[in-house]
Amino acid sequence: MITPSVKWYDQPDSFGWISIALHWLTAAVIIALWFLGKSIEFQAADQLAERRSLHVTLGLVAWLLLAARIFWRLRHAHPRARGQGKRIHQVARFTHYWMLALLSIMLLSGPLLAWTLSNLPDLAGLLHRLHALSANLLALLIVIHIAGALKHLMFNDDETVARIFIPRRQITDAQHAIETSDQQETAD
């Protein structure tokens with residue numbers, strides 16, 4: 001049996017382990033940030049600073065992930081799913097880039113909000129609205145993103161969803177012939 005090599009980098013039609021790790025780490029951090037951010041409104045006054053501090057600290061982790069994702073995506077083209085038309089691929093890329101843009105706005109407006117909260121209340125109010133609007137728009141795009149993934153999973157006969165969990169194994173015709181003959185020998 002042929003052992004596939006580790007696929008760290010993206011392939012033309014498959015994400016590599018680096019993209020997969022960045023995707024899921026970012027998803028986990030953003031979901032946690034969204035729930036933490038929403039919960040700040042409902043905290044008792046004595047717990048408000050602690051909850052806000054946790055939100056800001058996790059936001060700093062998100063900064064690192066965002067920088068890594070943007071750097072990675074600029075260096076490596078967005079893989080196209082097998083059988084995916086050009087228009088759908090462009091819509092998916094557009095959605096991903098908007099999610100990254102909204103995340104960037106949130107990661108800029110969040111610290112600015114924290115720094116202006118006590119000194120410039122009018123600017124802080126504007127930044128809070130921008131931060132909250134970006135968070136809600138990002139949540140909407142994430143729902144659309146998940147709906148698109150579910151569409152591929154339930155209605156399309158493609159590997160779109162599977163490729164964000166594990167890199168697609170690239171095999172050559174020669175490898176396929178060897179594996180096929182090995183399987184036939186085992187069956188006999």
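It should be emphasised that the depicted structure is a prediction, and the values quoted were computed from it without experimental measurement.

Asks: Any details on the environment of M99? Residues and values, ideally.
Replies: Relative to the helices and strands, M99 is located in helix α3 (residues 86-116). Taking the relative accessible area as the measure of exposure, M99 reaches 11% and is therefore buried.

Asks: Describe the pattern of salt bridges, with residues and values.
Replies: A full pass over the atoms with the stated rule returns one salt bridge. A salt bridge links R73 to D10; the nearest nitrogen and oxygen atoms lie 3.0 Å apart. With R73 in helix α2 (residues 45-75) and D10 in the segment before α1 (17-40), the pair connects residues that are 63 residues apart, well separated along the chain. With respect to burial, R73 and D10 carry one shared label: buried.

Asks: A description of the packing of α1 against helix α4 (residues 121-155) should follow, citing residues and the corresponding values.
Replies: The interhelical angle for the contact between α1 and α4, taken along N-to-C directions, is 135 degrees, at an axis separation of 11 Å. By the angle between their directions, the pair α1 and α4 is classed as oblique. Relative to α4, the crossing made by α1 is left-handed. Contact residues: H23, I30, W34 and K38 in α1; A135, N136, L138, A139, I142 and H145 in α4. For the contact of α1 with α4, the class distribution of residues is six nonpolar, three polar and one charged.

Asks: So, the confidence of the model for the protein chain: which residues are in play, and what are the values?
Replies: Across the protein chain, pLDDT averages 80, with 85% of residues at or above 70. Across the protein chain, element-level confidence peaks in α4 with a mean pLDDT of 90 and bottoms out in helix α5 (residues 173-187) with 50. The low-confidence segment residues 171-177 (pLDDT under 50) makes three contacts with residues lying over four places distant or belonging to another chain.

Conventions and cut-offs
- Residues numbered from 1 in each chain as written.
- Predicted model: local features only at pLDDT ≥ 70, side-chain atom pairs only at ≥ 80, totals over all residues.
- Heavy atoms only, no water.
- Helix = DSSP H or I, 4+ residues; strand = E, 2+ residues; numbered from the N terminus.
- Buried < 20%, exposed > 50% of the residue type's maximum accessible area, 1.4 Å probe, protein only.
- Salt bridge = Lys/Arg side-chain N within 4 Å of Asp/Glu carboxyl O.
- Axes fitted to C-alpha atoms, helices over the stretch in contact; angles between N-to-C directions.
- Parallel < 35°, antiparallel > 145°, perpendicular 65-115°, else oblique.
- Left-handed = near helix turned anticlockwise from the far one by under 90°.
- Contact = heavy atoms within 4.5 Å.
- Nonpolar A, V, L, I, M, F, W, Y, C, P; charged D, E, K, R; others polar.
- pLDDT = per-residue confidence, 0-100.

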